[in-house]
Amino acid sequence: MNLVVGVDIGNSTTEACAARLGPAGVEFLGSGLVATTGVKGTSANVDGVEAAVRAALKTSGASLGALRRVFVNEATPVISGLAMETITETLITESTMIGHDPRTPGGAGLGVGDTVAFGELDGCSPGDEVIVVVPVGVDFAVVSKGLNAALERGVELRGAVLGNDDAVLVANRTDRRVPIVDEVRLVASVPLGMRAAVEVAAPGRTIRTLSNAYGLATVFGLDAEQTRAVSPVARALTGIRSAVVVRTPSGEISDRRIPAGSIELRGETATLRIDVGEGAEAIMSALERITPLLDASGEAGTNVGGMTASVKENMADVSGVDPAEVRIGDLLAVDTFVPRDVRGGLAGEVALENAVALAAMVRTSHGPMRQVAEAVAERLRAAGAEQVEVVIGGVEAEMATRGALTTPGTDRPLVVLDLGGGSTDAARADRSGSTATVHVAGAGDLVTRLIAAELGVPRDLAEQIKQAPLAKAESFFHLRLEDGTVQFSEDPLPPEVFARVVVLGTDALVPIPGRQGLERIRQVRRTAKHRVFVVNALRALKQIAPYGDLRQIGFVVLLGGSALDFEIPELVADALAPYGIVCGTGNVRGTEGPRNAVASGLVLAQAAG
Ligand code: ADP
Ligand code: MG
């Protein structure tokens, strides 16, 4: 009897499987899975390896004392870095617009007039068309009394802008129904004596005039040149329920592009320098032209420069290689939108600015794997596995395909796509057994980061949003799921989820703060997955396909943590279907799903000789 454990140290997860090697072959006994400790391929991994080994032995009902050999993968450290560059900025140099979504604006419709301070209303003449601006702190009863007195005198009240959250109270007490926008934080900065328009949409609707460039032109009598200048205002006001636009003659809103820095891509025959501001598509097509990438570096003094430098430094630290010798082997650029405060806005307006997220990856071939193996052996011996030997197993790609082939219904030739946390790895095993492999930057962690940035939520909430469908708690006793179906509950739902969009977490409903709708959150989630995994699946497969031709591939088995996702495997399969590729999620040893392929492969390789 010969008890062995195979261990796969990944960037995120350390997986293990225990087996008995005997004359009759391999008998798998159990598996374990823990979070990787430290950077993959460094001595910090020992804690995670020990925990994974113990977990695998526990499910096998075996003791450490019986353990004879541990096989670990040749884990080359992969360090990935991420940078996000905002490439547009909405800037208001004069107070020109208030576009925000107070929870409860008052009245409805569009009103156009000149801005007048509430205190100056008495000075207005009959027939004056006015938009009244009420500072914070004036009681709603006083406001409605003042407005009614002005209406009585024949002043043409067209709308109101309030500092307090009183729009509904004021609207209910005012004799004429006019649009009222409230909760304007910087109401004191609203310019007075200027032409302004106030628009409030009916509940459930969004404004139509101020979010339309020609609507603004109509309201303010603008010519073509002026219309072009205010068009960013219309864009910034899209999709909200209420807004105020004040036209200040010298005012200016611009939608300016900010210099994002450039990145230099060095290939075997050429070097290309590309401005990050040109967007993901331009960067990725430059990369494709110079593939294979020998190195990349960002312009000093920019976020991109900082990111490439820190990725290289981190790698130098863990591998002991001189930072000048570290090379970036791949990168992935993704277009994204991030909510940012509008500079010069009056009500905490946010605009969705264009941004580019970049993931870069560094690998070295000389990880200190020997040291890791020795440290693991020492640790396990001290823990009671007195006779254990730790062996560094074969090439990771070969082990992965070997493990994947234990999925029922698979055979050579076959391609595995390992959808992990930091990188997406592809390996192809042809009929003769030889393998080709490629690693591309960007995987599950980048998806999480994109969701966090686009929705403006913390990383751990973004991770939950990534992993499960959404629902809305429409009453205390039912949820409307994102596919439109209804789920009833026996017990009342917790009050904190009522009327909120929630994630259907495994053990609880997780409310998502803010007022973003279910559809938008869903779209952000799916787009992030598409931009990372569909792009990377195609990129990786092209590099290992015979003659770069995807039609030559045939079968793809998905592995790794992200293959457990409830929609990523579908998105990838849909993208591969046009090439005649059969794509499904692996089920290693018929029991493990997309997990444990490398660990199982290590054990099988030993048994095979
Ligand atoms: P590695 O091989 O690099 O250690 P893994 O294969 O463990 O990485 O994959 C880690 C990634 O898998 C993380 O981005 C994590 O968010 C993702 N992941 C893990 N479980 C799930 C799940 N149930 N649904 C979606 N993603 C998941
Ligand atoms: Mg892995």
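As the structure is a computational prediction, the values presented were derived from the model and not from experiment.

Engineer: Provide a residue-level description of the domain arrangement of the protein, including the pertinent values.
Structural biologist: Segmentation of the protein into domains returns domain 1 (1-76 + 367-408 + 587-609), domain 2 (80-87 + 258-363), domain 3 (92-256) and domain 4 (409-586). Taken over C-alpha atoms, the centre of domain 1 sits 27 Å from the centre of domain 4. Taken together, the contacts link 16 residues of domain 1 with 22 residues of domain 4. Both sides of the domain 1 and domain 4 interface together cover about 1,500 Å² of buried area, and 64% of this is carbon and sulfur.

Engineer: Could you give me a rundown of the sheet that holds strand β20 (residues 389-392), with the residues and numbers involved?
Structural biologist: Read across the open sheet, the five strands follow the order β3-β2-β1-β4-β20; overall the sheet is mixed. With partners counted over all chains shown, the strands left at the sheet margins are β3 (25-35) and β20, one partner each. The average undirected angle you get between the axes of adjacent strands in this sheet is 20°. In this sheet, strand β2 (residues 13-22) lies alongside strand β1 (residues 2-9) in antiparallel orientation, the contact comprising eight bridges. The partner of D8 across the bridge, within β2, is E15. Where helix α1 (residues 46-60) meets the sheet, it contacts β1, β2, β3 and β4 (67-72), and its direction lies at approximately 130° from that of β3.

Engineer: Account for the sheet that holds strand β19 (residues 350-363), with residues named and values stated.
Structural biologist: Taking strand neighbours across the sheet as the criterion, the three strands line up as β5-β19-β18 in an open arrangement whose pairing is antiparallel. In this open sheet, the two strands that pair with only one neighbour each are β5 (78-86) and β18 (328-341). On average, each strand axis in the sheet is inclined to that of its neighbour by 20°, with strand direction left out of account. As judged from the 13 bridges shared by β18 and β19, these two strands associate in the antiparallel manner. Looking across to β19, one finds that F337 is bridged to N354. Helix α7 (residues 303-319) contacts β5, β18 and β19 of the sheet and is inclined by roughly 165° relative to β5. Seen against the sheet, helix α10 (residues 444-455) touches β5, β18 and β19 and runs at an angle of roughly 20° to β18.

Engineer: So, the packing of α10 against helix α12 (residues 518-544): which residues are in play, and what are the values?
Structural biologist: At their nearest, the axes of α10 and α12 sit 9 Å apart, and the two run at 145° to each other. Note on packing geometry: the crossing formed by α10 with α12 is right-handed. In this structure, α10 uses G444, L446, V447, L450, I451, E454 and L455 to contact α12, whose residues at the interface are R520, I521, V524, R525, A528, K529, R531, V532 and F533. Of the residues in the contact of α10 with α12, the class split is ten nonpolar, one polar and five charged.

Engineer: Could you give an account of the packing of α1 against helix α8 (residues 369-382), with specific residues and numbers?
Structural biologist: Where α1 contacts α8, the axes come no closer than 10 Å and their chain directions differ by 50°. As the angle between them shows, α1 and α8 are arranged oblique. Here α1 runs over α8; the crossing is right-handed. Of the residues in α8, those in contact with V46, D47, V49, E50 and V53 of α1 are V372, A375, V376, R379 and L380. When grouped by side-chain class, the residues that make up the contact of α1 with α8 number seven nonpolar, no polar and three charged.

Engineer: Before we move on, can you summarise α1 with the specific residues and values?
Structural biologist: Between the first and last C-alpha of α1 there are 21 Å, a value that for 15 residues agrees with the 21 Å anticipated at 1.5 Å per step. Regarding α1, the residues found buried are V46, G48, V49, E50, A52, V53, A56, L57 and S60. G61 lies just past α1 and shows a positive phi near 65°.

Engineer: How would you explain the pairing of strand β15 (residues 262-267) if you had to name every residue and give the values?
Structural biologist: With five bridges joining them, β15 and strand β16 (residues 271-275) adopt antiparallel strand pairing. Directly across from L265, in β16, lies its bridge partner L272. Adjacent in sequence and paired antiparallel, β15 and β16 are bridged by three residues. Across five bridges, β15 lies against strand β17 (residues 293-298) in antiparallel orientation. Counterpart to G267 in the pairing with β17 is L293.

Engineer: Can you explain a nonpolar patch on the surface? Please cite residues and give values.
Structural biologist: Judged by side-chain polarity, F476, F477 and F498 come together as a nonpolar surface patch covering roughly 270 Å² of accessible area. Relative to the helices and strands, F477 is located in the loop between β24 (470-473) and β25 (478-481).

Engineer: Outline unusual backbone geometry, listing residues and values.
Structural biologist: Residue P292 follows T291 across a cis peptide bond; omega there is 0°. For P292, the position within the fold is in the loop between α6 (280-290) and β17. The residue after R412, namely P413, is reached through a cis peptide bond having omega -5°. With phi around 55°, E183 is a residue other than glycine that occupies positive phi space. E183 sits in the partly exposed class, given a relative accessible area of 23%. The phi angle at N596 is positive, at roughly 75°, despite the residue not being glycine. Secondary-structure assignment places N596 in the loop between β30 (582-585) and α14 (597-608).

Engineer: Outline helix α11 (residues 459-467), listing residues and values.
Structural biologist: Restricting attention to buried positions, one finds in α11 the residues L461, A462, I465 and K466. Projection of α11 onto a plane perpendicular to its axis shows the buried side chains occupying an angular sector of 145°, all on one side. For α11, the exposed residues set more than 90 degrees away from the buried face come down to D460 and Q467. Its buried side turned inward, α11 meets α10, β27 (501-504), β28 (509-511) and α12.

Engineer: Any chance you could break down the pattern of salt bridges for me, citing the residues and the numbers?
Structural biologist: Any two side chains of opposite charge can pair if their charged atoms end up close together. Enumeration over the complete set of coordinates arrives at 26 salt bridges. Note that K466 is salt-bridged to E463, the shortest N-O span being 3.7 Å. Here K466 and its partner E463 are both found in helix α11, three residues apart, which amounts to about one turn of the helix.

Conventions adopted
Residues numbered from 1 in each chain as written. Chains lettered and ligands numbered in written order. Predicted model: local features only at pLDDT ≥ 70, side-chain atom pairs only at ≥ 80, totals over all residues. Heavy atoms only, no water. Domains from an automatic or database assignment. Contact = heavy atoms within 4.5 Å. Buried area = accessible area lost by both parts, 1.4 Å probe. Pairing = 2+ DSSP bridges. Helix = DSSP H or I, 4+ residues; strand = E, 2+ residues; numbered from the N terminus. Axes fitted to C-alpha atoms, helices over the stretch in contact; angles between N-to-C directions. Left-handed = near helix turned anticlockwise from the far one by under 90°. Nonpolar A, V, L, I, M, F, W, Y, C, P; charged D, E, K, R; others polar. Parallel < 35°, antiparallel > 145°, perpendicular 65-115°, else oblique. Expected span 1.5 Å × (residues − 1). Buried < 20%, exposed > 50% of the residue type's maximum accessible area, 1.4 Å probe, protein only. Patch = residues over 30% accessible without salt bridge, like charges linked within 9 Å, V, L, I, M, F, W, Y side chains within 5 Å. Areas by Shrake-Rupley, 256 points an atom, 1.4 Å probe, with all protein chains shown as cover. Salt bridge = Lys/Arg side-chain N within 4 Å of Asp/Glu carboxyl O. Arc of directions from axis to C-beta.

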